[in-house]
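Summary of the model geometry
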Amino acid sequence: MERPALEVADIFRAHGPTWRQHERGHLSLGQLKVMSAIEHCRSAALGGHSLRCSSCAEPQIAYNSCRNRHCPKCQSSAAQRWLEARQADLLPVPYYHVVFTLPAPIGAIAYTNKDLLYGLLFDIAAETLRTIAADPKHLGARIGTTLVLHTWGSALTHHPHVHGIVPGGGLALDTERWVSCKPGFFLSVRVLSRLFRRRFLEELENLHRHGQLKFFGDHVDLADAEAFADWLMPLRQCEWVVYAKRPFAGPEAVLAYLSRYTHRVAISNSRLVASDDRGVTFRWKDYREHGRTRYKTMTVATAEFMRRFLLHVLPSGFHRIRHYGLLASANRKHDVATARALLHQPASVFAVDPAAVHAAIGSVRPTFVCRHCGAPMLVIETFARAQHIRGPPASTSPP
């Protein structure tokens, strides 16, 4: 694949050092690490390989990737491995796409409480789906769901929401049969929205009561219990956005969709148009319009582009893809097997056959291919990453 004309790494390399100095003290260690990883990705700083074409003997240098999960260049192989692992969980039923979005005021305080509120968003969204689905008035079944966190809008603004991929049905509460949802309809969006709002606000109040929330800037007054209660009042009355899209065409369409959503952060390099004296220009989608006019370009100052990108750096160790119910890791193999048996589906329909994979290795495209003749490249030498000299830590004790 050819290198895009412009990459996020190019912008960080050209403008990052000056901007970091200007923003000194305002960037977290996690954000600084992400910038450094993206700047050094596929450069001599990370080491690499010396290659030679097996056909025309053309030499080539290939540098190592940073493998940071926020890097736009390092997620395709991770996404492919994840999708192959998920093939074994697909069932021969319609799949639905459900989205739970936090209101803008809560999204604003979520930025300074990422671990707590992003985690709460996951748990309450999953609880809402499972509670309503288990109600005999709606479905009366145990369902499974895969939730993927997105924290950005198309314009890179902070917009936390989770995408849920849900099979259209579940195991009956006695696990003796499979309960299918109505054709083209999963669960009532209005009912989901009301329960999601109530449960999230209950848990948010609980976090505040125990002093676990942090407030800064314009929100510092919310540390007071009375001010926080007044701030919550409008959020109890407004509608919270929960919506469900029509079912996917089939299991293959689910995988194709997931490949676009699971391993992606903020913006892909393909959306970048230009970086010049005016700033950074990128493509975005205006969801308020329809048709071709919704696809637009936006130009923001370079410093603003870097700030928006770094809004979406996740806390260290935070899992942005989670599975619940029938798809939870603890019982997934057993529950999926039970569902298949009730649906009369052979276990091997979507499962990956290790022998077939091994037999197909010879037909897989090589990792390194000659840019001139297309033949596989041979690794003839590797070189380690650069070792930067670091000074001793500053002493904090008097001499």
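Right, let's walk through the structure included here. (Residues numbered from 1 in each chain as written. Predicted model: local features only at pLDDT ≥ 70, side-chain atom pairs only at ≥ 80, totals over all residues. Heavy atoms only, no water.)

Let's talk about the sheet that holds strand β3 (residues 95-101)
Rules: Pairing between strands is defined by DSSP: at least two bridges between the two strands are required. A helix here means a DSSP run of H or I that spans at least four residues, while a strand means a run of E at least two residues long, and both kinds are numbered starting from the N terminus. Axis geometry follows a simple rule: fit a line to the C-alpha atoms, using only the stretch in contact for helices, then measure angles between N-to-C directions, giving values from 0 to 180 degrees.
The antiparallel open sheet is built from 5 strands, whose spatial order is β9-β3-β6-β5-β13. For this open sheet the edge positions go to β9 (242-245) and β13 (321-325), each flanked by a neighbour on one side alone. For this sheet, the mean angle separating the axes of adjacent strands, direction not counted, is 25 degrees. Both β3 and β9 contribute to a ladder of 4 bridges, which runs antiparallel. When the sheet's bridge partners are listed, H97 is paired in β9 with K245.

Re the sheet that holds strand β12 (residues 295-300)
Defined as follows: Contact between two residues is taken to exist if any of their heavy atoms lie within 4.5 Å; hydrogens are not considered.
With respect to topology, 3 strands assemble into an open sheet ordered β10-β11-β12, the strand pairing being antiparallel. One side of each edge strand has no neighbouring strand; the edge strands of this open sheet are β10 (272-276) and β12. Taking the axes of each pair of neighbouring strands and ignoring which way they run, one obtains an average angle of 20 degrees across the sheet. Where strand β11 (residues 279-285) meets β12, 6 bridges bridge the pair, whose relative direction is antiparallel. Residue pairing for β12: F282 is matched across the bridge by M298. Lying over the sheet, helix α9 (residues 302-310) contacts β10, β11 and β12, oriented at roughly 110 degrees with respect to β12.

A few points about the state of the cysteines
Put plainly, two cysteines are in a disulfide when a covalent bond ties their sulfur atoms together. Rules: Our working definition of a disulfide is a cysteine sulfur pair at a distance within 2.5 Å. Categorising residues by exposure relies on relative accessible area from a 1.4 Å probe, with only protein chains included: less than 20% of the type maximum marks a residue as buried, more than 50% marks it as exposed, and the intermediate range marks it as partly exposed.
According to the stated counting rule, one finds 0 disulfides in the structure shown. Distance from the sulfur of C56, which forms no disulfide, to the nearest cysteine sulfur (C53) is 3.5 Å. Looking at C56, the relative accessible area reads 38%, which means it is partly exposed. C53 provides the cysteine sulfur closest to C370, a residue in no disulfide bond, and the two sulfurs are 3.7 Å apart. C370 gets classed as buried once you look at its relative accessible area, which sits at 4%.

Here we look at a negative patch on the surface
Here is the rule we go by: For patch building, the residue pool is restricted to those with more than 30% relative accessible area and no salt bridge; the joining distance is 9 Å between like charges and 5 Å between nonpolar side chains (Val, Leu, Ile, Met, Phe, Trp, Tyr). Using a 1.4 Å probe, accessible areas were evaluated by the Shrake-Rupley method; residue-level cover was limited to the displayed protein chains. What makes a salt bridge here is a side-chain nitrogen of Lys or Arg within 4 Å of a carboxyl oxygen of Asp or Glu, nothing more. Only four residue types enter the charge count: Lys and Arg as positive, Asp and Glu as negative, with His and the chain ends excluded. Lys charges are placed at NZ, Arg charges at CZ, Asp charges at CG and Glu charges at CD.
Taken together, the side chains of D221, D224, E226 and D230 make up a negatively charged region of the molecular surface. Summarising the element assignment, D230 is placed in helix α7 (residues 225-237).

Considering the side chain of R197
The residue R197 is located in helix α6 (residues 189-209) in this model. Look at R197: it is buried, it has no salt bridge, and the nearest opposite charge is E239 at 4.9 Å. When near neighbours in sequence (up to four residues on either side) are disregarded, R197 contacts L235, R236, Q237, C238, E239 and W240.

Some remarks on helix α2 (residues 29-40)
The cut-off we apply is this: In this analysis, the expected span of each helix is defined as 1.5 Å times one less than the number of residues it contains.
End to end, α2 covers 17 Å across 12 residues, agreeing with the expected 16 Å (1.5 Å per residue, within 8%). Residues of α2 that are buried include every one of Q31, V34, M35, A37, I38 and E39, and no others. Within two residues after α2, R42 carries a phi angle of roughly 55 degrees, on the positive side.

Remarks on the pattern of salt bridges
Pairing between side chains of opposite charge can happen when the charged atoms of each approach one another. Enumeration over the complete set of coordinates arrives at 17 salt bridges. In this structure, K73 and E7 form a salt bridge, with 3.1 Å as the shortest nitrogen-oxygen distance. On the criterion of sequence distance, the pair formed by K73 in the loop between β2 (59-63) and α3 (76-86) and E7 in the segment before α1 (8-22) is long-range, its members being 66 residues apart. Note on accessibility: K73 and E7 belong to one class, buried. Residue E202 is joined to R199 by a salt bridge in which the shortest nitrogen-to-oxygen separation is 2.9 Å.

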